[in-house]
Amino acid sequence: LDFQRIIFEEISTASLVFGSNQSYFDVSPNGSFIAAVGYNFQGGGNKELQLFDATSNELSSLFTLTVSDLACSVDWSSNGEFIVVANENNEIHIYELSGTSFTEKGTGISVDTTCLYTAKWSPCGRYVAAGLRNGDPSKYNLIIYEFDGNDLTAVISEKIGSDYNTATYELDWSVNGKY
């Protein structure tokens, strides 16, 4: 609990980097890095993916990547090698950690939806679950993708609810990765 309090205090100081609008972050499984996405108003309003060093008493930026669309979630794979980012343009992108920087894997995937809200790695690191608003009762709002090390392929789609407004804003996998 004390560790989480300290991280949140440090992240609150990062608001100077991202301003007061949407920003999301996730701590790497080994606790060494923080991946954050959001607007950088000091840098002219760029939408950015940033990597922070979480091993010292001060949160320092190691890497910044300007991205084309504002992200709505970021999540580390369980082995700490990859992050998945869902953005406002209804795309999912995978980035690989290379030392202290990120390299995009593949070209990303467009999701046929009105709003993509989140993407999360499975505990085994082989699958990514995406939560979205279907916008149409005949469409899905939970999609599971398989990651082959480079690209994502849809393997399961599920409808949750049956109206135009049903949405999956947040999701998480069971510890064993089956659900």
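Residues numbered from 1 in each chain as written. Predicted model: local features only at pLDDT ≥ 70, side-chain atom pairs only at ≥ 80, totals over all residues. Heavy atoms only, no water.

**Description of the overall build of the protein**
Piece 1. If you tally the helices and strands in the protein, you get 2 helices and 12 strands.
Piece 2. Starting at the N terminus and ending at the C terminus, the protein contains elements arranged as α-α-β-β-β-β-β-β-β-β-β-β-β-β.
Piece 3. Put simply, the protein has 179 residues, and 39% of those count as buried.
Piece 4. Expressed as a percentage of contacts within the protein between residues at least 6 apart in sequence, the contacts between residues at least 24 apart total 40%.
Piece 5. In the structure as shown, the protein presents an accessible area of about 9,300 Å², 49% of it carried by carbon and sulfur atoms. (Helix = DSSP H or I, 4+ residues; strand = E, 2+ residues; numbered from the N terminus. Buried < 20%, exposed > 50% of the residue type's maximum accessible area, 1.4 Å probe, protein only. Contact = heavy atoms within 4.5 Å. Areas by Shrake-Rupley, 256 points an atom, 1.4 Å probe, with all protein chains shown as cover.)

**Thoughts on the side chain of Ser32**
Piece 1. Relative to the elements of secondary structure, Ser32 occurs in the loop between strand S1 (23-27) and strand S2 (33-40).
Piece 2. When its relative accessible area of 19% is taken as the criterion, Ser32 is described as buried.
Piece 3. Those residues in contact with Ser32 that sit more than four places away from it in its chain are Phe52, Asp53, Ala54 and Thr55.

**Some points on the packing of aromatic side chains**
Piece 1. All told, the structure shown has 7 aromatic pairs when counted by the stated rule.
Piece 2. Ring geometry for Phe82 against Trp121: centres 6.1 Å apart, planes inclined by 40 degrees, an arrangement best described as tilted. Here the residue Phe82 occupies a position in strand S6 (residues 82-87), and Trp121 occupies one in strand S9 (residues 115-121), the gap between them amounting to 39 residues.
Piece 3. Ring centres 5.1 Å apart and planes at 75 degrees place the aromatic pair Phe82 and Phe147 in the edge-to-face group. Remark: Phe147 occurs in strand S11 (residues 142-147) and Phe82 occurs in strand S6; sequence separation between them is 65 residues. As far as burial versus exposure is concerned, Phe82 and Phe147 are alike and both buried.
Piece 4. Members of the aromatic cluster, connected to one another through ring pairs, are Phe33, Phe63, Trp76, Tyr95 and Phe102. (Phe/Tyr/Trp six-rings, centres within 6.5 Å; stacked < 30°, edge-to-face > 60°.)

**Structural notes on the pairing of strand S7 (residues 91-98)**
Piece 1. Taken across its 8 residues, S7 has 6 buried, putting it largely inside the fold.
Piece 2. The pairing of S6 with S7 spans 5 bridges and is antiparallel. Counterpart to Val85 in the pairing with S7 is His93.
Piece 3. What sits between S6 and S7 in their antiparallel hairpin is a turn of 3 residues, with Asn90 showing a positive phi close to 60 degrees.
Piece 4. Where S7 lies against strand S8 (residues 101-110), 7 bridges are found, and the strand directions are antiparallel. From the neighbouring strand, Glu91 faces S8, where its bridge partner is Ser110.
Piece 5. Counting the residues between successive antiparallel strands, the hairpin from S7 to S8 contains 2 residues, one of them, Gly99, with a positive phi of roughly 70 degrees. (Pairing = 2+ DSSP bridges.)

**Structural notes on the sheet that holds S9**
Piece 1. Ordered by their spatial adjacency, 4 strands build an open sheet running S9-S10-S11-S12, and the pairing between neighbours is antiparallel. In this open sheet, the two edge strands, each paired with only one partner strand, are S9 and strand S12 (152-158). Put simply, the sheet's adjacent strands are angled 25 degrees from each other on average, direction ignored.
Piece 2. Taken together, the 6 bridges between S9 and strand S10 (residues 127-133) define a ladder with antiparallel strand orientation. From the neighbouring strand, Thr118 faces S10, where its bridge partner is Gly131. (Axes fitted to C-alpha atoms, helices over the stretch in contact; angles between N-to-C directions.)

Function cannot be inferred from these measures alone, as they are strictly geometric.
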